[in-house]
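As a plain string of letters, each chain reads:
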Amino acid sequence: MADEDDETSGEPLDVSQDDQRTLMRGDKHAVFEVAGFPDAVRRHLGSIDLVSVPVTSGLNDDAKFAFVATPTSCFVWSYAESKSPNSSVYKLAMPDTDNATIYKTPVVALVPAGNLQSDVGVLACSTTGQIRYWDRVVFGLGGTERFHTKELSLAHAGDECCQIIEIYSGLYSVTTRKGYLFQVSLQNAQGTTELDARPLGKSAGVRAGVLSRVSSLLSGAAYTPTVVDAGDAIVGLAAGGRTEIRHSRELFALTRERLLKWVVSRAHPEKFMYSMNILQTLSNAAAQQIGMDVEVSVHDVAVTRNGDVCVLVGLQLPHRAGRTQLAVAVLRGFDISTEPEMLVLWPLNFTSTEPLEQEGVGRPRLVLPDGGPGMYIVLPKTVILSVVPTTDARFEETISFRDDDFVLGLNAASKFPYPLHQSSESSLVFTCLHAGVLEVSMEVTQILSAAIETNAADIDIDIDMDVGGASGWPQSGTRVGKPTGVGSAERAFQTQIEQAVFFGMSNSQNPLSFTISSQAQGVDGALQNAALRVSQAILDNTSHFITDRLDLGAHLKERLRRAHAIMQFIADNKLTDKVSRNARIQLCSNAERLAASVAVWEYQNEAWEKKEGAASQLMTNLVSSFLEKMGLQSRDPLRLFFKQHAASIGDLLVFMHRSLSTLRRALEVSDSGIHDSQLVAYEANRIIISVLQSGFNYRFQNTQLYEAECTQQTSEGLPERWTEHLVIIDLLAERLESSYRLCRDISGRHCVPIYERIKATTLPSDDSSSSQAGGLSIFDDAVSVSHPSQTSTGGAATNDDEARIQVEVDNPYVSSLALLRETINQMGPLANLCFRVFVDRITYLEGSSPNDVQGLTRRYESARPRYLLCLVPLGRAAVAFRLAEEYRDLATLVTLVFATDKDHAADHLRLYVSKFGKPFADTLFEYYERRQAWASLLCTQDEAFDLWLKEHIDKRMGEAQHGPMAQIGWIHDVKLGDFSAAAAKLVRAGRESSEVEQARTMLSLSKLAFVQDESQEGRSAQDETVAEAHSRLEDALELCEVQEHVAQYFAAIVREHSGLATDHAWRRRDDINDKKAALDAAMLTTTPELRHDMPALYTIYSDFVRRAWNGRTLSVEDLLDVLTLPDNITPTTELSENNGGHQYNGIMQGRRSLAVDILSRASFNLPEQCRESALRTIWRRVYLSDDWQGIHKKLKGGNVPDSVLRAELLNTQLYRMLKACWVSRELAHPDWYLLPADSFAGDDLDYLVSTRLAPQFTSRSSEPTDKQKPITNTTAPAIRKDYNEEDSRLRTAIASGLDSYYSEILRIVVEDARGQPGDEMEEKGDASSAGTVAGEDVNMDSD
């Protein structure tokens, strides 16, 4: 047993002072907090264990007194005075406290104290039947210790008193659990206080006729004390209407099975009227309406003012155990003693998932104040408001309490006799554990006037059939006889949301629970529509719950709180998934616009307080013009706009954007007007920032609440937010450009350092003449971390503190410097807003209009670096850094690193690499590439960076095989120790180098890397792959040597014939002297016949000589032309006399066989057509190098000795060529040998002319790859003509017996080779085959 205060002193206790407030208010009902519990009562309730100690409570609304009782104590106080510091609480000792250990709740009733409104009596009965009556609690002479007592004679041991009801003034009835009723009177016949009690009984002559009934009323009858059968129990009492007997009233007792009725009088004996099986009657009615047997239970009874009996019923289907739907049954009797007949069984929307108690404080109660038609069903956690089902009205509202609160008691007494005129309002006062005294009321008149025409007699319960044919249960929320739809569900949800938003969410002390179940009917569709309607009503200020205030700022903030509370309520009820993303975005947008309105109103109040210039009235003038355009006029346009048109805040910005330029031009007619125009631009920026920044702040702060963040994957089909319109982007972009120009104009007069920085800055997308002329901006310097010798860019602000503007007067309306500073401060927020709108708009288009994404993305990527970099000359580099980081503009971030703080660039780069990873590294590499800062590119500091750089280099080489990465990539490979990759890159770089010296260097380094890789990997030179790589590398190196020797030879020839200075260390020279020297070399190495007969090929040859002279790298085909075309190669004395000079003469003497050797070595890297064409060109020019007509004249006669024949043939260039090729192991026969008939250029003309030579040497060709213009242009027909000339000469030679001479010479070469060491006949073929040409024997005598 918990400790309780045993003090029974009547001294008043202090009470607390609580403010009365509205807890909820609907269209036709409301809940009010009448008064809180006094402190003494709260302390008492807090000191006991509510689980083990029963507590009951009640009140009397007429006397305005309430009580809270436990088995030992009862606290009584006047709740009408509980707000006054002088109010008192009276503590009464309950009867029979010695037996209170059984811990059963006593029954207590408050007795009005006559005409005394400030006093009350208390009637208390213990569960053992001990009665105490205090006729005066406040003004009693003996205090709380003076009371009257009486003992009820309980017939059965263990029986307990459980209910008490007032029948008449001074007359009460007490019932026990086992079905005994006692009549308790508080006054005697003379009207003085006297406590008396006696049992009620049943009459044996009840069912006689009318005369018998009248006789029984006038005379006594025999009594049987018990009113219920064994196993039954009384669950409810109700007092009905009065009868023809003076001071009499009907009394109804409801048991678990039966309904009993008496007529009870204060002056006459009671009369028992009937006892009917109410359970059977209700079961039959339910089975008839539902179509199957239903488990029916009864819980309470009440009587209407016209005598109808209302019974609170519980309905339960067998397969829905644990769920009980409440219903109200109405029965009507035709006379006082006739059993009533069933009139209607009306199911309520409420379904209980917990068992309903049938006794104690927690039992359901049915209350009809003043006999209806207002009807209340009171459960511990719920109060249901409705009207008697016999009316045409259909009204039901449910009021729930939070988990920690519940109903303790209520005022069940009604005024009797009932008032003649029915009140327009019905109310019920009750007490809650924590909330205190509450009152719930209904506007009965409005409910009845809105009644629909539904005949209650035709009511039918809807059936939900389960699988297999089993009957289902009437769904919660379904009214029998009234169709339900989305509209009704939406209205119900709208009401619940409004109550929660305006009464529950804003008051954490509100004891009511505003919840919606995820299983509620229509929640999937109707909930979001209801939420949108409530939100729109708040935005448009059309909700009747919004209080109109003079303080517009407070009014706007209240609307913002209410709009926010809508989504908070949905989230608290875990119903976010029941509201679509579109609807959540719309809810958020409505709240954003209210947040923007609050911010702009605060801005306007600040402007009014300063009263500085006409620019402070910009907002007022804009709103006035905006409303006039809408056809609205008002003496106070701002209040009208924010009260009724806050939804148009975005349209107002667009209107300002389109009107601002006109307004500024109108002001710029004088010097003072120019300043006013600048102030207007400044104020316009403030308005835009206030509106958009506050809206975005609300969105970002509540992202998790709305769960409406859009991505590319989730943006499809989403609505366009008010901030995502394209015109908002135009507005912000125009404000940024205008503000930058404004800073330039003001600084030009008042702040030279900033002006100079702006002037020195060329922003991306600038179309100024300086940028067109190639002028450099502070952002164009190739700043390199590895080049500390470079000076810092003088134009960029390295520290924002250095750019702070010192002002004497800190007022932009007075000081131009202050205006400049404030405008500069606005640039960062404007840029941030602009980027945010860009990003949101792009995300929106990705889902709604993908075709428009690319264009807007290009615009964004162009505008973003421009607006970021414009912050630097204004001294806001730190802001630019933050924005570049937030919006991941990595390219601009790299530029900012080098343009603002070069000395600490390395530290910044390491920071950003760790933050952004590989994407930033790739951007940094691209930055170095654009500025050709190769040393910085290769100067990496950590392992991860090295790997990223290798990937970047490989990627670039894949995109451009001839780019700069092919020249420097090997350096990074060497750093990583990847000598194999370095060797491969060096080989490619050497082959693609345009300089012979550079190519030879690259190839030499490649050889070193190759050797190092072999030593590291432990690979043998005998490996086929290694051997092939070695061979190709050596071939490339020898090709470089050949080009060097050819260039040496040309230089020596020119010096020997023209007397030029003998300078062995020739270098590349592109002046006119080099051109003349190259022409000299070409002329000295060709005959006049060649220059005359083939001028185009001679011109091409001259250009090749010039390139070789200047150290340029020749392609394989070009080099073959240099080796095979000249027909006047002679040894030079200078090269013969110098050390090693014989190599150069030897190369030129054996140039044609060298050409075949070069072609064989380079063939793996040449297309087939290129290789075949080159081979035919070599052999064709070999055949043309001898005078076959002259030889044929000498040998065509029959009297030519063999010695003469052999001597003549051995003296030919063809013999030397075949002999040199035959002894070469690499030139296998017949792969690298061509017969004269196979050496014509005819089949290759299109390739030689159109593909290879014409693009380099014709006047319409583009600039050649080596970036050096040809000496003289030629034409494709001219080139083709010269090749035809070669073919013509070859045909003439064939006609002179060239084929026979070729075969004989080849036979001689083969026979001579047999007697030499290292005979290669098996590889070359036998002599007989060598002596046969195309299947014909060699005939030296033939013509």
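Look above for the structure.
Residues numbered from 1 in each chain as written. Predicted model: local features only at pLDDT ≥ 70, side-chain atom pairs only at ≥ 80, totals over all residues. Heavy atoms only, no water.

(A) Highlighting the overall build of the chain. Broken down by element type, the chain carries 44 helices and 32 strands. Looking at the chain as a whole, 53% of its 1343 residues qualify as buried. By sequence separation, contacts in the chain at least 24 residues apart represent 64% of the contacts at least 6 residues apart. Per element, the accessible surface of the chain, about 59,300 Å² overall, is 47% carbon and sulfur. (Helix = DSSP H or I, 4+ residues; strand = E, 2+ residues; numbered from the N terminus. Buried < 20%, exposed > 50% of the residue type's maximum accessible area, 1.4 Å probe, protein only. Contact = heavy atoms within 4.5 Å. Areas by Shrake-Rupley, 256 points an atom, 1.4 Å probe, with all protein chains shown as cover.)

(B) Spotlight on the sheet that holds strand β15 (residues 234-239). Pairing in this open sheet of 4 strands is antiparallel, and the strands run β15-β16-β17-β18 from one edge to the other. In this open sheet, the two edge strands, each paired with only one partner strand, are β15 and β18 (271-276). Put simply, the sheet's adjacent strands are angled 20° from each other on average, direction ignored. Here β15 runs beside strand β16 (residues 248-255); their pairing, made up of 5 bridges, is antiparallel. By the bridge assignment for β16, Leu237 is matched with Ala253. (Pairing = 2+ DSSP bridges. Axes fitted to C-alpha atoms, helices over the stretch in contact; angles between N-to-C directions.)

(C) Region of the structure containing helix α32 (residues 1116-1124). Where burial is concerned, most of α32 is hidden: 9 out of the 9 residues are buried. Turning to α32, its buried residues number three or more, namely Val1116, Glu1117, Asp1118, Leu1119, Leu1120, Asp1121, Val1122, Leu1123 and Thr1124.

(D) Layout of unusual backbone geometry. The residue after Gly372, namely Pro373, is reached through a cis peptide bond having omega 5°. Inspection of the secondary structure assignment puts Pro373 in the loop between β23 (365-367) and β24 (374-378). In this model, Arg888 sits at a positive phi of 55°, which is unusual for a non-glycine residue. Looking at where Arg888 falls in the secondary structure, it is placed in the loop between α19 (877-886) and α20 (890-900). Residue classification places Arg888 among the partly exposed residues on the basis of a relative accessible area of 45%.

(E) Examining the packing of aromatic side chains more closely. Across all of its chains, the model carries 30 aromatic pairs by this definition. Relative to Tyr912, the ring of Phe881 has its centre 6.4 Å away and its plane inclined at 10°; by these criteria the two rings are stacked. Pair noted here: Phe881 is in helix α19 and Tyr912 is in helix α21 (residues 905-916), with a separation of 31 residues, a long-range link. Its relative accessible area of 12% is what places Phe881 among the buried residues. When the ring of Trp1188 is compared with that of Tyr1301, the centres are 5.8 Å apart and the planes differ by 15°; the resulting orientation is stacked. On the criterion of sequence distance, the pair formed by Trp1188 in helix α37 (residues 1188-1195) and Tyr1301 in helix α42 (residues 1298-1314) is long-range, its members being 113 residues apart. Every member of this aromatic cluster is reached through a ring pair, and the members are Trp601, Trp608, Phe626, Phe641, Phe642 and Phe655. (Phe/Tyr/Trp six-rings, centres within 6.5 Å; stacked < 30°, edge-to-face > 60°.)

(F) Summary view of the environment of Gln1169. With respect to the helices, strands and loops of the structure, Gln1169 is situated in helix α36 (residues 1168-1184). Taking the C-alpha atoms as reference points, Gln1169 and Asp1244, separated by 75 residues in sequence, lie 8.2 Å from one another.

(G) Here's a closer look at the pairing of strand β28 (residues 425-432). For β28, the buried fraction is high: 6 of the 8 residues fall into the buried class. The pairing of strand β27 (residues 407-410) with β28 spans 3 bridges and is classified as antiparallel. Within β28, the residue paired with Gly409 across the bridge is Thr431. Here β28 hands over to strand β29 (residues 436-443) after 3 residues, the two strands then running antiparallel side by side.

(H) Local environment of the environment of Asn1273. Residue position: Asn1273 is located in the loop between α40 (1245-1257) and α41 (1276-1295). Here Asn1273 falls in the partly exposed class, since its relative accessible area comes to 45%. In this structure the C-alpha to C-alpha distance between Asn1273 and Thr1099, which are 174 residues apart in sequence, comes to 8.1 Å.

(I) Expanded view of the environment of Gly236. Tracing the backbone through its elements, the reader meets Gly236 in strand β15. Along the chain, Gly236 and Pro364 lie 128 residues apart, while their C-alpha atoms are 9.7 Å from each other. The contacts of Gly236, once residues within four sequence positions are left out, are Gln163, Phe252, Ala253, Leu254, Asp300, Val301 and Arg363.

(J) Local environment of the sheet that holds strand β1 (residues 21-25). On the basis of which strands lie adjacent, the open sheet formed by 9 strands has the order β1-β2-β29-β28-β27-β3-β4-β5-β6 and mixed pairing. In this open sheet, the two strands that pair with only one neighbour each are β1 and β6 (89-93). Each strand of the sheet is rotated relative to its neighbour by a mean of 25°, with strand direction disregarded. Looking at chain direction, β1 and strand β2 (residues 29-35) are connected through 4 bridges and run antiparallel. Considered in β2, the bridge of Thr22 is made with Phe32. Together, β4 (65-69), β5 (73-78) and β6 form the strand contacts of helix α1 (residues 39-47), whose direction differs from that of β5 by roughly 155°.

(K) Here's a closer look at the pattern of salt bridges. Under the counting rule described, the total for this entry stands at 55 salt bridges. Two residues, Arg910 and Asp907, come together in a salt bridge whose shortest N-O distance is 2.5 Å. Taken as a pair, Arg910 and Asp907 lie in helix α21 at a separation of 3 residues, close to a single helical turn. Its relative accessible area of 41% is what places Asp907 among the partly exposed residues. For the salt bridge of Lys918 with Asp922, the shortest nitrogen-to-oxygen distance reads 2.9 Å. Here Lys918 pairs with Asp922, and both are found in helix α22 (residues 918-930), just 4 residues apart, close to one helical turn. Beyond isolated ion pairs, a larger network of salt bridges with shared partners links Asp1103, Arg1107, Glu1117, Asp1118, Asp1121, Arg1180, Arg1181, Arg1252 and Glu1286. (Salt bridge = Lys/Arg side-chain N within 4 Å of Asp/Glu carboxyl O.)

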